[in-house]
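Structural description and commentary
Here's the letter readout for the chains.
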Amino acid sequence: MSLAAVRRAEAALLIPTYDRLPVLFRRGRGVYLYDDQGRAYLDFLTGIGVNALGHGHPAILRALKKQAGQLLHVSNLFYHDHQAALARKLAKISGLDRVFFTNSGTEAIEGALKLARAYARLNNANGRKPKWRILALDNSFHGRTFGALAATGQAKYRAPFMPLMPGVRFVKFNDVRDLERQFDASVCAILLEPIQGEGGIQPLSAQFLQRARSLARKHDALLIADEIQCGLGRTGHWFASEALGVHPDVITVAKPLAAGLPLGAILATERAARAFHPGMHGTTFGGGPLACAVALAFLETLERERLLSNVRRTGRYFRGRLEELKKRYDFIRTVRGAGLMLAMELTFPGKEIVKQALAQGVVLNCTHNTVLRFLPPYIVQPRHVDKVIAVLDSIFRSEAQAERRPRAKPRGALEVSLDVSPRSASKP
Ligand SMILES: Cc1ncc(COP(=O)(O)O)c(C=O)c1O
């Protein structure tokens, strides 16, 4: 089918939850995606942080083929070869003890929230005061299901679906005093992203995370690090919380875990994990043999090819090049992030920049309206970065030449300056 035919069919048949960009991808190889016309695109989004080894990595294909020929699915009522091996590996890299496998990020969050409530019930059995409150952060994103949504600190996602799970309170981002004010004995868990992803690549301060750690300990609440986007090597460390010197009680992971297949996990300390016993939680698909075999191949490949150091090295190079652009264009407000989880905040909406980049063969994304988000694969090299920088530079140059862009404005004044002249007039 052609792109036009696919678009027509989807418009008629799909529940309209996505505003897709007009490209039909047919295959991928390494850092590149190819569309139905055979045109190559540098993939600096990787399915929003999923294809961390790029496309068609031989180790992933080998694991896929081998396992697909043996066994695709078996119920969690039985054993298979790969869950324990993968759990052992995840425990080793996280320093945590036990694992529950899920199909997605939001499902890992749901399970972690249930674990926190069960943990509080178990350990607060004689407590006179209820202990069921969950703290989450303003501007966070934890997923689309009801529990994860209830803990997502952005009203636009929650509002259409109220009422949600009760008991969540939001703490101001990086505000230690607000954290201390809200963290009391009624709290059973604090859920946070060490680097907020969808919220615009916003790093949590070490001070905030460490204070959350000590308050959780004091009140026997669980510190849950949502590392679904920032974990499993994305920052050049196995986990972003580890880089900030903090050991959570629970870590949730998903996106890159099975290199493109759906798989997530809850990693927990022995003490936290003991709150679940058989029958309290489960899933049909989570932790199936195919996804687990591929996830093992993914983690082994990261080590064998020393990709965490490539993430740090190429991430530093990429960041430096983004900073160069910032010096040249005053509508670039900030460059931030860690490793290969980087962002460039503009003084105007980034959607049109994303479209222009796509037209020039670069896949990236805009989040939080004004933030260009870059999540390239861990195999990316400086030469790929240079191409992306050249494309951004040419787009920004025509933006600047057209003099349509307001000069950088302080936060809060932005809303009024967003209404720039019509895009149609902007084509060079
Ligand atoms: C930090 C974080 N948590 C949770 C989720 C939800 O994951 P999923 O889309 O796999 O349900 C996402 C997805 O973007 C995420 O970035």
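Each remark here, short or long, concerns the structure printed above.
As the structure is a computational prediction, the values presented were derived from the model and not from experiment.

**With respect to the sheet that holds strand 17 (residues 371-374)**
Strand order in the open sheet made by the 4 strands is 13-14-17-16, with antiparallel pairing throughout. A single partner strand is all that each edge strand has here, and the edge strands are strand 13 (332-338) and strand 16 (365-367). Averaged over all pairs of adjacent strands, the angle between strand axes in this sheet comes to 25°, irrespective of strand direction. Each of strand 13, strand 14 (341-346) and strand 17 touches helix 13 (residues 307-328); the most contacted strand, strand 13, lies at about 175° to it. Its contacts with the sheet put helix 15 (residues 382-401) on strand 13, strand 14 and strand 17, and the angle it makes with strand 17 is roughly 170°.

**Here's the deal with the site of the ligand**
Neighbouring residues of the ligand: Ser104, Gly105, Thr106, Phe141, His142, Gly143, Glu193, Asp226, Ile228, Gln229 and Lys255. A distance of 2.8 Å separates an oxygen atom of the ligand from a polar atom in the backbone of glycine 105. The backbone of phenylalanine 141 places a nitrogen or oxygen atom 3.5 Å from a nitrogen atom of the ligand. Across the complex, the protein chains shield 80% of the 390 Å² of accessible surface that the ligand would expose by itself. Class assignment for the residues of the shell around the ligand results in 2 nonpolar, 6 polar and 3 charged.

**Quick word on the packing of aromatic side chains**
Going through the model one piece at a time under the given rule, you end up with 10 aromatic pairs. Ring plane angle 70° and centroid distance 5.2 Å describe the contact between phenylalanine 318 and phenylalanine 374, whose orientation is recorded as edge-to-face. Taken together, the residues span a long stretch of sequence, with phenylalanine 318 in helix 13 and phenylalanine 374 in strand 17 at a distance of 56 residues. In this structure phenylalanine 318 comes out as buried when scored by relative accessible area, which is 0%. Members of the aromatic cluster, each reached through a chain of ring pairs, are Tyr329, Phe331, Phe348 and Phe396.

**Regarding helix 4 (residues 83-94)**
Given a rise of 1.5 Å per residue, 12 residues ought to cover 16 Å, and the 16 Å separating the end C-alpha atoms of helix 4 matches this to within 8%. All of the buried residues in helix 4 are Leu86, Ala87, Lys89, Leu90, Ala91, Ile93 and Ser94. Packed against the buried residues of helix 4 are strand 4 (98-102), helix 10 (240-243), strand 11 (250-253), strand 12 (264-268) and helix 12 (289-304). Two residues or fewer past helix 4, glycine 95 is found with a positive phi of approximately 75°.

**Some remarks on the pattern of salt bridges**
In the structure shown here, the tally under the stated rule is 16 salt bridges. Two residues, arginine 98 and glutamate 270, come together in a salt bridge whose shortest N-O distance is 2.9 Å. Separated by 172 residues along the polypeptide, arginine 98 in strand 4 and glutamate 270 in helix 11 (residues 270-273) bring together distant segments of the chain. Residue classification places glutamate 270 among the partly exposed residues on the basis of a relative accessible area of 29%. Taking the shortest distance from any N to any O, the salt bridge between arginine 333 and glutamate 345 comes out at 2.8 Å. Here the residue arginine 333 occupies a position in strand 13, and glutamate 345 occupies one in strand 14, the gap between them amounting to 12 residues. The exposure classification of arginine 333 matches that of glutamate 345, with both residues buried.

**Looking at the sheet that holds strand 3 (residues 40-43)**
Strand order in the open sheet formed by 4 strands is 1-2-3-15, with mixed pairing between adjacent strands. Strands with a single pairing partner mark the edges of an open sheet, and in this sheet they are strand 1 (25-29) and strand 15 (362-363). Direction of pairing for strand 3 relative to strand 15: parallel, over a ladder of 2 bridges. Bridge assignment links aspartate 43 to a residue of strand 15, and that residue is valine 363. Sheet contacts for helix 15: strand 2 (32-35), strand 3 and strand 15; angle to strand 3, the most-contacted strand, approximately 105°.

**A few points about the pairing of strand 2**
Neither face of strand 2 is left uncovered, since the one carrying Tyr32 and Tyr34 and the one carrying Leu33 and Asp35 both have all their residues buried. Bridge count for strand 1 against strand 2 is 4 bridges, and the pairing is antiparallel. If you follow phenylalanine 25 over to strand 2, its bridge partner there is aspartate 35. Looking at chain direction, strand 2 and strand 3 are connected through 3 bridges and run antiparallel. Bridge pairing in strand 3 places tyrosine 34 opposite alanine 40. Following strand 2, the chain reverses through 4 residues before pairing antiparallel with strand 3; glycine 38 in that reversal takes a positive phi of roughly 85°.

**Notes on the packing of helix 3 (residues 58-70) against helix 12**
Contact geometry for helix 3 and helix 12: axes closest at 9 Å, N-to-C directions at 155°. Accordingly, the angle class assigned to the pair helix 3 and helix 12 is roughly antiparallel. For the pair helix 3 and helix 12, the crossing hand works out as right-handed. Along the contact surface, helix 3 presents Ala59, Ile60, Ala63, Leu64, Gln67 and Ala68, while helix 12 presents Pro289, Leu290, Ala293, Val294, Ala297, Phe298, Thr301 and Arg304. Of the residues that constitute the contact of helix 3 with helix 12, the class distribution is 11 nonpolar, 2 polar and 1 charged.

Parameters and conventions
Residues numbered from 1 in each chain as written. Predicted model: local features only at pLDDT ≥ 70, side-chain atom pairs only at ≥ 80, totals over all residues. Heavy atoms only, no water. Pairing = 2+ DSSP bridges. Helix = DSSP H or I, 4+ residues; strand = E, 2+ residues; numbered from the N terminus. Axes fitted to C-alpha atoms, helices over the stretch in contact; angles between N-to-C directions. Contact = heavy atoms within 4.5 Å. Near = heavy atom within 4 Å. Polar contact = N/O pair within 3.5 Å; in protein donor to acceptor, adjacent residues only side chain to side chain. Areas by Shrake-Rupley, 256 points an atom, 1.4 Å probe, with all protein chains shown as cover. Nonpolar A, V, L, I, M, F, W, Y, C, P; charged D, E, K, R; others polar. Phe/Tyr/Trp six-rings, centres within 6.5 Å; stacked < 30°, edge-to-face > 60°. Buried < 20%, exposed > 50% of the residue type's maximum accessible area, 1.4 Å probe, protein only. Expected span 1.5 Å × (residues − 1). Salt bridge = Lys/Arg side-chain N within 4 Å of Asp/Glu carboxyl O. Parallel < 35°, antiparallel > 145°, perpendicular 65-115°, else oblique. Left-handed = near helix turned anticlockwise from the far one by under 90°.

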